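Breakdown of the fold
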Amino acid sequence: MITTTHYLILAAVVFAIGAFGVLTRRNLLVMLMSVELMLNAANLTFVAFAKDLGDMGGHIFPIFIMTVAACEVAVGLAIIITIFRLGDTSDVLDLTFMKDIKSG
Amino acid sequence: MDNVIWIIPLLPLAGFLINGLGGRRLPDRLVSFVGVSLPIASFVLSVWAFLQLLKLGEEGEITCTLYSWIFSGNFEVSLAFLLDPLSCVMALVVSGVGSAIHLYSVGYMHGDKSYARYFSFLNLFLFSMLVLVLAEDLVLLFLGWEGVGLCSYLLIGFWFDDMEKAKAGKKAFIVNRIGDFGFFIGMALIVITIGTLNVPGMKEILENNPGVITTGMATAVTLFLFVGATGKSAQIPLYVWLPDAMAGPTPVSALIHAATMVTAGVYMIARLNFLYVLAPTTMIIVALIGSFTALYAATIGIAQNDIKKVLAYSTISQLGYMFTAVGVGAFSAGIFHLMTHAFFKALLFLGAGSVIHAMSGEQDIRKMGGLREKMPVTFWTFLIATLAISGIPPLAGFFSKDEILWKAFSTHLGSIGILFWALGLVAAVVTAFYMFRLFFMAFTGESRASADVKKHIHESPFSMSSVLLLLGLLSAIGGFIGVPELLGGHNTFERFLEPVLPHLGSRFSEHDAHFWEIVLLVFSLVAAATGIFLAYVMYVRRADIPKKFAKNYKAVYGLVYDKYRIDELYEIVFIKPFFALGWIFSGVIDNWIVDGIVRLLTAMTAGLGRLFNASQDGDVRVYGRVLLGGLLLILIIVVFGRV
Amino acid sequence: MIEAIIFYPTAAVIVVFSLMVVLHKSPMRSAMFLLGTLFFMAFIFALLSAHFVAVIQILVYAGGIVVLILFSIMLLNIKKDEINYERISNGRFVTLLTSGLLFIILAVVFLTIYSGSPAELPAEFGTIREVGKLMITNYLFAFEAISLLVIASLVAAVVLVRGLIYKSQEGDDS
């Protein structure tokens, strides 16, 4: 018997994996992809609850989330490309402009 | 009327402030005027106070309380001055002789580049000394005690450009301080046992309730106080600063190291006589040290060639007499000698100053001589003073010294007094000897000075010679107020001080006393005459004897000349180990341990900083992890807080 | 019953694929795995009667976003040697723990809050018609706001890249 809880646990797993990826990978694009994973897990949670509660709002929200994700990816990719063109790198460890130049 | 006493010390304090703060910009004449007139005013006020005191009769005393200074539990100290016969005598001597010396200084220090500073310090000294003698409470006395020590340092090292002179000042202060430490412990013990440091209060408590302090404790207290006295009044073992103190200007030597400051120890014991009589052991020790010092210092004096050094050792020796007196219980005799000594010792120093001034700074008596024609006033007054100190009647010194010797011999403490008397008698011989040696070598015979110096020899200006004449007069007739009944006098001095300094009685019956007193008188006269005669023979008639003596007994002579090498002994025993200890503390403990702790702290802070540095290294993922961690924390609190 | 047969394998694939996204060295391969993950996610959505959402997922997410990411990867021309740096960074253990902890907390929350009986579903649950109806009525404001957001991000992307275009033009001229 597949209860709502199964879906929720699945969503939690994917979310945790996505979080691990964001905080661990050095490549900017892979980090972006991990963020997408996390957003997806959130979508799954919404839809699972929609079924459980009989509320269609849980279907509307993932649509919005996907839209926002699309916008975010667009802008984010533009930034990454700009960084790449300027610094020739896609490694997050090279982006330390906020750090004081003098410290070691 | 009684509220006026505090003005007596205040006047010289005002002089200190005026000359000290503005003196450099004032013309010398104004500085002199301020610096001399204020002490004279102080003296006039003292005389007036003396007359008021006489009006009050036998048990008269005047107290003047300004305000309550310290109060802590049961212990209270008020800023109060007491004028009784003892402090009155002291105030008169201090302000009188002090004023005279201030006047003398006008001529002596003429042209000095720090003229104003000199007078301001000298006035400050007078203030401190007057506070000391007029204080009603031991704490206030100690204030004055410290103050005169400070002024001694300031004035000894007055010409501090000369390193040797500065060092002399330092030595004086440090040795004094050692004594002061003992004094302070004594005061602390008094507070613990008696409970107050107010002198009349102490007396009352001890009279009504003598069990409050055991004999042992009394001995301890008085001994500690006496340690302070040995420092201030240059007795064994803390006398070593006084000869070095001659580096200061001669009027300073006259005032501080002859007439007044060094007598503070004697005054203190006289003031606390009611405490000292409770500790006969201490009194014996005091008398022993006093009489021994008298002889000891006298022997050093016979080999010195610097005119001021001879007088310095002479001062130490005469102070020994005063301590002998108070040690055997003859407090008023001690004060009497204090007064006469002030007269003739000040005169001797000022006369020496006159000579040095005339001889263009020469202080070695081997280069002097033949000053009679060119400096008559100095010559005759110096002679009077020398006769006085040698104990020749009817000059002042005879009466006071003889009184001490008699009281020592007949002390109620027992036949140990004979020892004190014997030491004092031999010292008297030596005193007469070295004083006349000094006189003969410096003033008589052919002049041994260089031609240059000889040309400049002149009598001192009137401002200086007038003081010499005044002191000469006092040295001559000053003794008459203390003529004992034996010789037909009324012993006025002792009777005046009787309310404060009680008579302790002798070990002889009335009849025996008279007999012995006459015997001792004869002994004293013979002693003085012997000393003078020996000096005459060795330094006037046959001047080759001293040289032969020095050659044949080189070791002994060398030892005496080097003041028994006590300074060197102190250097090895005390000073070098002290410096080594200091080196340990600074080099090892300060450098390694203390600095090490500081360096450890720095390293810890830096290390901690480096640790935290990692959290801000620019890696955004670390920031994210921290965020996540914080989020988890909140979640845990929220979720599991409800469960 | 059927649900279970579909659910468990799909869920397993999703977990495996998402792990590969995060752990694989090559960004290209990661992108492909992401595509797979999103695709199978759509299956799960369908299982949950969210038909419209499932379709939108494939159209927008898989077809749009992942393709965009693929274009960028190819554009940036990440060479093989660039991929060779340390696959997982230093903080991996701590992050693993933290993520694990996150999962545990979420799991606990989910396990405890489940009420019991699922609600009765209306007939047209999850259809386009229902979504459309809600969108125009209850969520109208959000709908309009989203459209504003899309325009904003469009402008932003163009502005960001415009500087580069000029720069490369200058470079070409010389």
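The shown structure was predicted, so the numbers you read here are calculated from the model rather than taken from an experiment.

It is worth spelling out the overall build of chain A at this point. Scanning chain A for helices and strands turns up three helices and zero strands. In chain A, the succession of α and β elements from N to C terminus is α-α-α. When burial is assessed residue by residue, chain A has 53% of its 104 residues classed as buried. Summarising the internal contacts of chain A: among those between residues at least 6 apart in sequence, 48% fall at separations of at least 24.

To continue, consider the overall build of chain C. Helix and strand counts for chain C stand at seven helices and zero strands. Beginning at the N terminus, the succession of helices and strands in chain C can be written as α-α-α-α-α-α-α. Per-residue burial for chain C yields a buried fraction of 24% across its 174 residues. Across chain C, every contact between residues at least 6 apart in sequence was considered, and the portion connecting residues at least 24 apart equals 56%.

In this assembly, nine residues from chain B lie in contact with ten residues from chain C. Classifying every residue of the side of chain B that touches chain C gives six nonpolar, one polar and two charged.

So, about helix 1 (residues 2-23) of chain C. With 22 residues, helix 1 of chain C should reach 32 Å at 1.5 Å per residue; the first-to-last C-alpha distance of 32 Å fits that figure. Residues of helix 1 of chain C that are buried: Ala 11, Ile 14, Phe 17, Ser 18, Val 21 and Val 22 of chain C. Burial along helix 1 of chain C is one-sided: seen end-on, the buried residues are contained in an arc of 145 degrees. Those residues of helix 1 of chain C that are exposed and aimed more than 90 degrees away from the buried face are Ala 4, Ile 5, Tyr 8, Pro 9 and Ala 12 of chain C. Summarising the contacts, the buried residues of helix 1 of chain C are in contact with helix 1 (4-24) and helix 2 (28-53) of chain A together with helix 2 (27-47) of chain C.

What follows concerns helix 2 (residues 28-56) of chain B. All names here are of chain B. The end-to-end C-alpha distance of helix 2, which contains 29 residues, comes to 43 Å, matching closely the 42 Å that a straight helix rising 1.5 Å per residue would cover. For helix 2, the set of buried residues is Val 31, Ser 32, Val 34, Gly 35, Val 36, Leu 38, Pro 39, Ser 42, Phe 43, Ser 46 and Ala 49. Those residues of helix 2 hidden inside the fold are in contact with helix 1 (7-22), strand 2 (75-83), helix 3 (85-108) and helix 4 (115-134). Gly 57, located one to two residues past helix 2, shows a positive phi value of around 85 degrees.

Turning our attention to the confidence of the model for chain A. Summary statistics for chain A give a mean pLDDT of 86 and a share of 93% for residues scoring 70 or more. Averaged pLDDT values for the elements of chain A fall to 90 in helix 3 (residues 57-87) of chain A and rise to 92 in helix 2 of chain A.

Moving on to the interface of chain A and chain C. Contacts between the two partners involve 63 residues from chain A and, on the opposite side, 73 residues from chain C. Going through the elements one at a time, helix 1, helix 2 and helix 3 of chain A are the ones with two or more residues in the side of chain A that touches chain C. In terms of residues, the side of chain A that touches chain C owes the most to one element, helix 3 of chain A, which gives 23 residues. Partitioned by chemical class, the residues of the side of chain A that touches chain C number 43 nonpolar, 14 polar and six charged.

Next up on the list: the nonpolar core. Ranked by internal contacts, the top residues of the largest apolar core, which has 202 residues, are Phe 125, Leu 130, Leu 134, Leu 155, Ala 346 and Ala 442 of chain B. No other element matches the 19 residues that helix 18 (residues 417-443) of chain B contributes to this core. In this view, Leu 134 of chain B contacts Ile 5, Ile 8, Pro 9, Phe 81, Leu 82, Leu 83, Ser 87 and Ala 91 of chain B; residues no more than four positions away in its chain are not counted. By size, the runner-up hydrophobic cluster in this structure holds 68 residues, among which are Leu 10, Leu 44, Met 56 and Val 73 of chain A.

Another point: the environment of Leu 79 of chain B. All names here are of chain B. Position of Leu 79 among the secondary structure elements: in strand 2. Classification of Leu 79 as partly exposed rests on a count of 19 C-beta atoms within 10 Å. Residues Leu 79 and Ser 68 lie eleven residues apart in sequence; the distance between their C-alpha atoms is 6.0 Å.

What follows is about the pairing of strand 1 (residues 62-72) of chain B. Residue and element names in this part refer to chain B. Across nine bridges, the pairing between strand 1 and strand 2 is antiparallel. Counted as the bridge partner of Ile 70 is Val 77 from strand 2. Between strand 1 and the antiparallel strand that follows it, strand 2, lie two residues; Gly 73 among them carries a positive phi value of about 70 degrees.

Another aspect to go through is the packing of helix 1 of chain B against helix 2 of chain B. Two quantities define a packed helix pair, namely the angle between the helix axes and the distance between the axes. Residue and element names in this part refer to chain B. Running from N to C, helix 1 and helix 2 cross one another at 175 degrees; their axes reach a closest spacing of 8 Å. Accordingly, the angle class assigned to the pair helix 1 and helix 2 is roughly antiparallel. Between helix 1 and helix 2, the residues in contact are Ile 7, Ile 8, Leu 11, Pro 12, Ala 14, Gly 15, Ile 18 and Asn 19 and Val 31, Val 34, Gly 35, Leu 38, Pro 39, Ala 41, Ser 42, Leu 45 and Ser 46, respectively. Here the residues of the contact of helix 1 with helix 2 sort into twelve nonpolar, five polar and no charged.

Another point: the environment of Leu 425 of chain B. Residue and element names in this part refer to chain B. Here Leu 425 shows up in helix 18. Residues Leu 425 and Phe 523, spaced 98 residues apart in sequence, show a C-alpha to C-alpha distance of 8.0 Å. Those residues in contact with Leu 425 that lie beyond four places of it in its chain are Leu 405, Phe 523 and Ala 527.

What follows is about the packing of helix 8 (residues 215-232) of chain B against helix 13 (residues 280-301) of chain B. All names here are of chain B. Put simply, helix 8 and helix 13 touch, their axes get as near as 8 Å, and they point 25 degrees apart. Regarding the angle of helix 8 to helix 13, the classification is roughly parallel. Seen along the crossing, helix 8 lies across helix 13 with a hand that is right-handed. Along its contact with helix 8, which presents Thr 219, Thr 222, Leu 223 and Phe 226, the element helix 13 presents Thr 281, Thr 282 and Val 286.

Right, let's talk about the confidence of the model for chain C for a bit. A residue-level look at chain C finds 83% of positions with pLDDT of 70 or above and a mean pLDDT of 83. Taken together, the chains of this predicted complex give a pTM of 0.68 and an interface ipTM of 0.88.

What follows deals with the environment of Met 41 of chain C. For Met 41 of chain C, the location among the structural elements is in helix 2. With 29 C-beta atoms counted inside 10 Å, the residue Met 41 of chain C sits in the buried group. Residues Met 41 of chain C and Ile 14 of chain C lie 27 residues apart in sequence; the distance between their C-alpha atoms is 7.0 Å. In this structure Met 41 of chain C touches Asn 40 and Leu 44 of chain A together with Ile 14 and Gln 57 of chain C, once residues within four positions along its chain are discounted.

Residue and element names in this part refer to chain B. Cis rather than trans, the peptide bond between Ile 236 and Pro 237 has omega equal to 5 degrees. The residue Pro 237 is located in the loop between helix 8 and helix 9 (241-244) in this model. In this structure, the amide linkage connecting Pro 393 to the following residue, Pro 394, adopts the cis form with an omega of 0 degrees. In this structure, Pro 394 sits in the loop between helix 16 (376-390) and helix 17 (396-409). In this structure, Ala 234 is a non-glycine residue whose phi angle is positive, near 50 degrees. Within the element layout of this structure, Ala 234 appears in the loop between helix 8 and helix 9.

Each value, and the rule that gives it
- Residues numbered from 1 in each chain as written.
- Chains lettered and ligands numbered in written order.
- Predicted model: local features only at pLDDT ≥ 70, side-chain atom pairs only at ≥ 80, totals over all residues.
- Helix = DSSP H or I, 4+ residues; strand = E, 2+ residues; numbered from the N terminus.
- Buried ≥ 20, exposed ≤ 12 C-beta atoms within 10 Å, placed from the backbone.
- Contact = placed C-beta atoms within 7 Å.
- Nonpolar A, V, L, I, M, F, W, Y, C, P; charged D, E, K, R; others polar.
- Expected span 1.5 Å × (residues − 1).
- Arc of directions from axis to C-beta.
- pLDDT = per-residue confidence, 0-100.
- Core = buried A, V, L, I, M, F, W, Y, C linked by C-beta atoms within 7 Å.
- Pairing = 2+ DSSP bridges.
- Axes fitted to C-alpha atoms, helices over the stretch in contact; angles between N-to-C directions.
- Parallel < 35°, antiparallel > 145°, perpendicular 65-115°, else oblique.
- Left-handed = near helix turned anticlockwise from the far one by under 90°.

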